[in-house]
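Spelled out from the first residue to the last, the chains are:
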Amino acid sequence: MEALITWLDSRLADNSIFTLQTLSYYGEGLVTTVQLVFLSLVLGLVAAVPLAIGRGAKRRWVRLPIFLYCYVFRGTPLLVQLYLIYYGVVFVEGIQETWLWVILEKPFVPALIAFTLNTAAYTTEIFHGAIKATAKGEIEAARAYGMSQRLMMRRIIIPSAFRRALPAYGNEVIFMLHASAIASVVTIMDLTGAARFVYARFYAPFEAFLFVAAIYLCLTFAILYLFRYLEKRLLAHLKPASG
Amino acid sequence: MTLRTTLSLGVLGVAMIVGTANAEVRDIRIAVDVPYEPMEYRTPEGELTGFDIDLGNALCAEIGIQCEWVVQGWDGIIPGLMARKYDAIMSSMTINEQRREQVLFSDPYITPPSAWFAPADVEIGTPSEETLEGMTIGVQRGTLQDNYVTDMYGDVADVNRYATADDMVLDMDSGRLDAVFLDFPIGKSTLIDSEAGDYKVVGEMITEPKEYFGEGFGIAFRQRDQELADAFNEALAALQEDGTYDEIFEEYFGEQE
């Protein structure tokens, strides 16, 4: 490790912008971005499954609030949601004295909340669409077997809807990665925050942003590859039988 | 008698030099990033005003050209100059070596110090690595204060970087920041004067080391516009001589020490 750093340092000796110092900003930014996106996606996914089922419920008082939630969070820019959550909470009288402030004081949790709520809304709609598109025959077959609504949901509808939703959800994951670039407006040093810092410090927009664009490309490539693999595994039954 | 003759000769001389410059210097557009009180901001009626605006207008009048102000965000203010969207930047821009590689500066027209500001109830001694350890410090991204704090205290304190001074004040109001490091005049007008008693200045005014704080604020031009810079330097010298400069200074900063 020591030798690697020395080697890297010598390679960067005549580079005034990409020093070890700025590379470490990018490195920390990468960690922050991946943490933020990964956590919000996992939390959003966990929330979206029950919400998607509820979104198609027969009872109005279950369906309507979920519809409203999705409508509001898909209908407003993520940047506005982030501003409202980060700067908005401080206008709640006396919040600084409660335990909530411990987690809301730093920008990470407010950003995580905004991102999670946003991606959960989109994912809910994706899953809801996939559930609605379940083939009639599958449902009728399940009924014929005497499955209860609950069992049918668990064994038939959710697994098949999940697979159908996979390509669309892969898109949502990539969108979320790119949307996370706005985290730097609430002082988080994510990848874009690091790029903006380097840009502002060295007045080098091309170097700072091209480099960060390349990192985003690599991340996107990894996500694409992961979803290609998942689709190959889980959607194998959709492939035409090869001769 | 002799003094007066010398003075009038001097003024005549300046007028002649300015007169010659006049023939070569065209009307220009000057970029400014608002608000940055009291250097540049808008009146409630929406008109641009501030030290930079008044001094800039006086300089243009002295040279004898028309100047148009263009409002431009700080992040893109130097690229905009390069892209010829305007011909000069007069927006509290500190002269330093990194910027000098990109732009041509006039002589410094003011040298404001930076200072630490903190909520009145936060106990901070003279700012140092020990006293700031573990604190959250606010700076405006890409400013010299950002560079200074990042290099001096980046390892011991959390540095939050904001796009605008407004966001920073909001976060200080909410208790997210323990201290901010700002240009003194801006901090004084936004934190001390307008929010009486909530904030205090901590420690001394800071103007050293020069590698961070530069030589003061300068007007930035494109490297090739040497004549334009010369014209502004001559006009600045003339205004400093005839007292116009002091009048404008006192209007925004009170009595000059």
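Every value quoted in this text rests on a predicted model; they were computed, and no experiment measured them. (Residues numbered from 1 in each chain as written. Chains lettered and ligands numbered in written order. Predicted model: local features only at pLDDT ≥ 70, side-chain atom pairs only at ≥ 80, totals over all residues.)

**Quick word on the overall build of chain A**
Point 1. Helix and strand counts for chain A come out as 10 helices and zero strands.
Point 2. Listing each helix as α and each strand as β along chain A from the N terminus yields α-α-α-α-α-α-α-α-α-α.
Point 3. For a compact globule of 243 residues, the expected C-alpha radius of gyration is about 18 Å, and chain A comes in at 22 Å, more than 25% above that figure.
Point 4. If you line up chain A on its principal axes, its C-alpha atoms span 75 × 65 × 30 Å.
Point 5. Within the span of chain A, comprising 243 residues, buried residues form 31% of the whole.
Point 6. Considering only intrachain contacts with a sequence separation of at least 6, the fraction spanning at least 24 residues in chain A is 76%. (Helix = DSSP H or I, 4+ residues; strand = E, 2+ residues; numbered from the N terminus. Rg over C-alpha atoms; globule rule 2.2 N^0.38 Å. Buried ≥ 20, exposed ≤ 12 C-beta atoms within 10 Å, placed from the backbone. Contact = placed C-beta atoms within 7 Å.)

**Focus on the overall build of chain B**
Point 1. For chain B, the count of helices and strands is 10 helices and 12 strands.
Point 2. When the 257 residues of chain B are sorted by exposure, 40% land in the buried category.

**What about the interface of chain B and chain A?**
Where interface size is given, it is often the accessible area lost as the parts come together that is meant.
Point 1. The interface is formed by 16 residues belonging to chain B together with 13 residues belonging to chain A.
Point 2. Of all the secondary-structure elements, those providing two or more residues to the side of chain B that touches chain A are helix 3 (77-82) and strand 9 (158-162) of chain B.

**Topic: the nonpolar core**
Point 1. Core analysis: the biggest nonpolar cluster contains 63 residues, and I89, F117, I137, V180 and A220 of chain B have the highest contact counts within it.
Point 2. Core analysis: the next-biggest nonpolar cluster, separate from the first, contains 46 residues, A121, I126, F127 and A200 of chain A among them. (Core = buried A, V, L, I, M, F, W, Y, C linked by C-beta atoms within 7 Å.)

**Some remarks on unusual backbone geometry**
All names here are of chain B.
Point 1. Of note, the amide linkage connecting V34 to P35 takes the cis form, showing an omega dihedral of -5 degrees.
Point 2. Its location among the elements puts P35 in the loop between strand 1 (28-32) and strand 2 (41-42).
Point 3. A positive phi angle is found at R84, which is not glycine, with a value near 65 degrees.
Point 4. By secondary structure assignment, the location of R84 is in the loop between helix 3 and strand 5 (88-89).
Point 5. With phi around 50 degrees, S92 is a residue other than glycine that occupies positive phi space.
Point 6. Tracing the chain through its elements places S92 in the loop between strand 5 and helix 4 (97-100).

**Quick look at the UniProt feature "domain: ABC transmembrane type-1" (unreviewed entry) in chain A**
Point 1. Mapped onto this numbering, the UniProt entry gives "domain: ABC transmembrane type-1" (unreviewed entry) at residues 30-227 of chain A.
Point 2. End C-alpha atoms of residues 30-227 of chain A are separated by 21 Å, and the span's content is 80% helix alongside 0% strand. (UniProt positions renumbered as here; feature names shortened; annotations may be inferred.)

**Some points on the environment of G125 of chain B**
Point 1. The topology assignment puts G125 of chain B in the loop between strand 7 (114-119) and strand 8 (136-140).
Point 2. Taking C-alpha positions, G125 of chain B is 7.3 Å from G203 of chain B, a pair spaced 78 residues apart along the chain.

**Some details on the sheet that holds strand 12 (residues 220-221) of chain B**
Residue and element names in this part refer to chain B.
Point 1. A sheet is described by the order of its strands in space; here five strands give the open sequence 4-1-5-12-6, paired in mixed fashion. In this open sheet, the two edge strands, each paired with only one partner strand, are strand 4 (67-71) and strand 6 (104-105).
Point 2. On the sheet, helix 2 (residues 51-63) packs against strand 1 and strand 4 and is oriented at approximately 150 degrees with respect to strand 4. (Pairing = 2+ DSSP bridges. Axes fitted to C-alpha atoms, helices over the stretch in contact; angles between N-to-C directions.)

**Let's talk about the domain arrangement of chain B**
All names here are of chain B.
Point 1. When cut into domains, chain B gives domain 1 (2-111 + 215-253) and domain 2 (114-213).
Point 2. Each side of the interface is counted separately: domain 1 has 11 residues, and domain 2 has nine residues.
Point 3. A per-class count over the side of domain 1 that touches domain 2 returns five nonpolar, four polar and two charged. (Domains from an automatic or database assignment. Nonpolar A, V, L, I, M, F, W, Y, C, P; charged D, E, K, R; others polar.)

**A closer look at the sheet that holds strand 8 of chain B**
All names here are of chain B.
Point 1. Taken together, the five strands give an open sheet; going across it, the order is 9-8-10-7-11, and neighbouring strands pair in mixed fashion. Two strands close off the open sheet at either side, each with one partner strand: strand 9 and strand 11 (199-206). The average undirected angle you get between the axes of adjacent strands in this sheet is 30 degrees.
Point 2. Relative to strand 11, strand 7 is paired through five bridges, and the arrangement is antiparallel. The residue of strand 11 that forms the bridge with S114 is I206.
Point 3. With respect to the sheet, helix 5 (residues 144-153) is in contact with strand 7, strand 8, strand 9 and strand 10 (179-183), its orientation differing from that of strand 8 by roughly 150 degrees.
Point 4. In the packing of helix 6 (residues 165-173) onto the sheet, the strands contacted are strand 7, strand 8, strand 9 and strand 10, and the crossing angle to strand 8 comes to about 160 degrees.

**Considering the packing of helix 4 (residues 78-88) of chain A against helix 6 (residues 108-132) of chain A**
Residue and element names in this part refer to chain A.
Point 1. For the pair helix 4 and helix 6, the least separation of the axes is 9 Å and the interaxial angle reads 140 degrees. Here helix 4 is positioned oblique relative to helix 6, judged by the angle of their axes. In this structure, helix 4 crosses over helix 6, and the sense of that crossing is right-handed. Residues L78, Q81, L82, I85 and Y86 of helix 4 form the contact with helix 6, whose own contacting residues are P110, A111, I113, A114, L117 and N118.
Point 2. Residues that form the contact of helix 4 with helix 6 fall into these classes: nine nonpolar, two polar and no charged. (Parallel < 35°, antiparallel > 145°, perpendicular 65-115°, else oblique. Left-handed = near helix turned anticlockwise from the far one by under 90°.)

**A few points about the UniProt feature "transmembrane region" (unreviewed entry) in chain A**
Residues and elements named next belong to chain A.
Point 1. Feature annotation in UniProt places "transmembrane region" (unreviewed entry) on residues 33-54, 66-88, 108-127, 173-196 and 208-227, given in this structure's numbering.
Point 2. For residues 173-196, helix accounts for 54% and strand for 0%, while the C-alpha atoms at its two ends are 23 Å apart.
Point 3. Along residues 208-227 one finds 100% helix and 0% strand; the C-alpha atoms at either end are 29 Å apart.

**Topic: the confidence of the model for chain B**
Residues and elements named next belong to chain B.
Point 1. Across chain B, the average pLDDT comes to 83, with 89% of residues at or above 70.
Point 2. Note that pLDDT drops below 50 for residues 16-23; the model gives that stretch 14 contacts with residues more than four away or on any other chain.
Point 3. We note a pTM of 0.72 for the whole complex and an ipTM of 0.72 for its interfaces. (pLDDT = per-residue confidence, 0-100.)

**Observations concerning helix 6 of chain A**
Point 1. The end-to-end C-alpha distance of helix 6 of chain A, which contains 25 residues, comes to 36 Å, matching closely the 36 Å that a straight helix rising 1.5 Å per residue would cover.
Point 2. Burial analysis of helix 6 of chain A places 19 of its 25 residues in the buried class, the great majority of the element. (Expected span 1.5 Å × (residues − 1).)

**Points about the environment of S180 of chain A**
Residue and element names in this part refer to chain A.
Point 1. With respect to the helices, strands and loops of the structure, S180 is situated in the loop between helix 8 (149-179) and helix 9 (191-202).
Point 2. We classify S180 as buried; it has 24 C-beta atoms within 10 Å.
Point 3. It is 8.3 Å that separates the C-alpha atoms of S180 and D190, two residues lying 10 residues apart in sequence.
Point 4. Each residue touching S180, except ones within four places of it in the same chain, is listed here: T33, L36, V37, F115 and D190.

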